[in-house]
Amino acid sequence: MRRGRRAALAAWLVLTIAAPQGAALAQTVDELYEFGVKARQAQHFEEAADLFRRALALRPDNADALVQLGFAELGRNNLPAAREAFSKALSLAPTYRDASFGMAEVEFRSGNPDAALPLAEEVSRAEPGNADASTLVANIRKAQRAGSSKAKPATARKIPRPPRPDPVAGLMEEGRRSRAAGQLPEAENAYRRALRLAPKNTDILVAIGLVAGSQQKFDHAGQFFDQALAIRPRLRGARLGKVRLAIWQGDVPRARAMIDDVLGTAPDNVEAMALDARISLLEQDYTRAEQSFQRVLAVDSHNAEALVGIGDLRRARGDDFAAREAYRQALAIEPGSADIVQRLAAPPPRKWRLDLGSEVSDLTEGLGDWTDSSVGLAYQLTSQTTISSHTRMATRYGRTDVQIDGRIDQAFSPTVSAYVLAAATPDADFLARYSIGAGASWQIMAPAKALGPFSLNIDARYDNFVTAEVTTISPWVQAYVLDGRLGLSARWVHPADDIGTRADGYVLRADLAVTPAVNVFGGYADAPEISDGTLVPTRTVFGGISWDATDPLTLRGSLAHEQRPTFDRTIFGLGLTTRF
């Protein structure tokens, strides 16, 4: 392994005079190679593999970098990746002894001593002074003799066993396989056992953080990433782990700031580019997301994460067929991935939504009943834009009005959305002859720990009645707690008519997810109602329930009681929503 030793000596000479952040600033192939060798010798195998892959992205035919990548992957006990790297090196340089030695190591560790021995012997014959090759040949032969002596009597001479594999590397490989299969608790257990053997191993700390975050143990994940950074402050794996943590928590602005910081020092890092694409997808910047995913695939055409991202991008654009093709390509690379299987199992998105609702109101003072029914149809043009229309038929004291409205909802980003609407009532008696309205929502706080997202909202509406004009402004806030299961909102209602009459009120509401399929709500309002163009002081207690009976079908029921100056009103409501 003379070439490896010469490279190690060169790397040591460079690093002794380099700045502390030299590896992060390395840009040329030679710099990346030298720092990669240093990282591998320090047993920082994840960082070493990353540096060698960056070097290969600039010069794919660099046999030296391929060999060093193979040894870094051996250090991580990632035998398939090591085999691929050594095979590529041998295809470029068939007589490269270090590559043959590495392939012999791969075969030996894979339990193929018969395939490993010729490779190791070839290196040993070509380099008689290579102690590593001689030792490997001796170990392989001992393993072969041990295997052939199993049938001999117990009195036979004891044959030395091959050296035991590194338990830390074995546990890391066990954790990697469990994680790839979606067995996250088992993966975390394997990594924790490895951490007990090597408590300062930053690769293990990062791996546990990723598994903990995947199980939504966000506090624990952050602690493991911070521990790794305390040992090595600029460790890229931990920094990228914190980016993933911000994504999992829905904090897209924080994720963007952190990934831009990483890309500032490592613009060609494959994992960073993939995360940049993922964040762009969340920001709904589909052009940038596609460019970043394609950059990843240009470097590593077998990058399953990028292929999954391409699939998510196509699905967000509404092309489910093309999305599934990308998912199938990713699954061919990672056959046991539960995440990819779940995406393929998801039904095609349902772009249409039908809403049916009906209310019956019982009035006191012998005033009879009111009815209010509606039919609504919505269509999702894109993942950001939805158009809808509703038809409402209401009866009051023997009179009937039919109102038709149209609405457009637009999401400008994951945190900002808005809508506009217009409505008209031909030959109106008591409903508004026409109405226009708009509203906006801004999520100012992403989910954090037990506290869910917090948003600021505002609605504005103008109603033109036969006898009056009313403008209503209604700002409100909404917050979620208990990991998003409980939503609380408070709304201020401020209507004013065209003759100067003004009123103020409020609405308080709570929504609770009792189970994933059952939600209940309740609240209290002391706010004016607009009745036939008149502002009527009203106090209301209300509540209801919704049940996702099947994936496309939701059933709803509600009950409310109003107190008005001249009568009380009890409202019974039923409805359903179906998606197709």
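None of these values were measured; they are calculated from a predicted model.

Student: What is the right way to read the pattern of salt bridges from this model?
Tutor: Oppositely charged side chains can form a pair if their charged atoms are brought close together. Taken as a whole and judged by the stated rule, the model has 41 salt bridges. With its nearest N and O atoms 3.7 Å apart, the salt bridge here joins Arg328 to Glu325. You can see Arg328 and its partner Glu325 sitting in helix H19 (residues 320-333), three residues apart, about one turn around the helix. Judged by its relative accessible area of 39%, Arg328 falls in the partly exposed class. For Glu325, a relative accessible area of 36% corresponds to the partly exposed category. The partner of Arg396 in a salt bridge is Asp372, with the nearest N and O atoms 3.7 Å apart. Of this pair, Arg396 sits in strand S3 (residues 385-396) while Asp372 sits in strand S2 (residues 369-380), and the two are 24 residues apart along the sequence. Neither residue differs from the other here; Arg396 and Asp372 are each classed as buried. Connected through shared salt-bridge partners, Arg256, Asp260, Asp276, Glu283 and Arg288 make up one network.

Student: Is there a simple way to think about the packing of helix H14 (residues 236-248) against helix H15 (residues 252-265) in this case?
Tutor: Between two packed helices, what matters for the description is the angle formed by their axes and the separation of those axes. Contact geometry of H14 with H15 gives a least axis separation of 8 Å together with a crossing angle of 155 degrees. In terms of orientation, H14 and H15 fall into the roughly antiparallel class. You can see that H14 and H15 cross each other, and the crossing is left-handed. On H15, the residues touching Arg236, Arg239, Leu240, Lys242, Val243, Ala246 and Ile247 of H14 are Arg254, Ala255, Met258, Ile259, Asp261, Val262 and Thr265.

Student: I'm lost on helix H11 (residues 184-197) in this one. Help?
Tutor: For an α-helix, the turn length of 3.6 residues means that residues three or four places apart are oriented alike. Over its 14 residues, H11 extends 20 Å from the first C-alpha to the last, a length consistent with the 20 Å expected when each residue adds 1.5 Å. Packed against the buried residues of H11 are helix H10 (167-180), helix H12 (202-214) and helix H13 (218-231).

Student: Help me understand the packing of helix H3 (residues 29-41) against helix H4 (residues 45-58), please; the structure alone is not making it clear to me.
Tutor: Two elements in contact, H3 and H4, have axes whose closest approach is 8 Å; the angle formed by their N-to-C orientations is 160 degrees. The orientation of H3 relative to H4 falls into the category roughly antiparallel. As H3 packs across H4, the resulting crossing turns out to be left-handed. Packed against H3, whose contacting residues are Val29, Leu32, Tyr33, Phe35, Gly36, Val37, Ala39 and Arg40, the element H4 presents Phe45, Glu47, Ala48, Leu51, Phe52, Arg54, Ala55 and Leu58 at the interface.

Student: Looking at this structure, I do not really get the nonpolar core. What am I missing?
Tutor: Here is a general trend for soluble globular proteins: nonpolar side chains tend to be buried in one another's company. By size, the foremost hydrophobic cluster in this structure holds 42 residues, and its most contacted members are Phe52, Val67, Leu74, Phe86, Leu136 and Ile140. Contributing elements (two or more residues each) for this core: H3, H4, helix H5 (63-75), helix H6 (79-92), helix H7 (97-109), helix H8 (113-126) and helix H9 (131-148). Broken down by element, this core gets its largest block of residues, eight residues, from H5. With residues up to four places along the chain from it excluded, the contact list for Ile140 reads Phe108, Pro113, Ala116, Leu117 and Ala120.

Student: Looking at this structure, how should I read the packing of aromatic side chains?
Tutor: Here a ring pair, both rings aromatic, is described through the centre-centre distance and the interplanar angle of the planes. A full pass over the atoms with the stated rule returns ten aromatic pairs. Ring centres 4.6 Å apart and planes at 45 degrees place the aromatic pair Trp352 and Tyr379 in the tilted group. With Trp352 in strand S1 (residues 352-363) and Tyr379 in strand S2, this pair connects stretches of sequence that are 27 residues apart. By relative accessible area, which is 35% here, Trp352 ends up partly exposed. Relative accessible area serves as the criterion here: at 23%, Tyr379 is assigned to the partly exposed category.

Calculation criteria
- Residues numbered from 1 in each chain as written.
- Predicted model: local features only at pLDDT ≥ 70, side-chain atom pairs only at ≥ 80, totals over all residues.
- Heavy atoms only, no water.
- Salt bridge = Lys/Arg side-chain N within 4 Å of Asp/Glu carboxyl O.
- Helix = DSSP H or I, 4+ residues; strand = E, 2+ residues; numbered from the N terminus.
- Buried < 20%, exposed > 50% of the residue type's maximum accessible area, 1.4 Å probe, protein only.
- Axes fitted to C-alpha atoms, helices over the stretch in contact; angles between N-to-C directions.
- Parallel < 35°, antiparallel > 145°, perpendicular 65-115°, else oblique.
- Left-handed = near helix turned anticlockwise from the far one by under 90°.
- Contact = heavy atoms within 4.5 Å.
- Expected span 1.5 Å × (residues − 1).
- Core = buried A, V, L, I, M, F, W, Y, C linked by side-chain atoms within 4.5 Å.
- Phe/Tyr/Trp six-rings, centres within 6.5 Å; stacked < 30°, edge-to-face > 60°.

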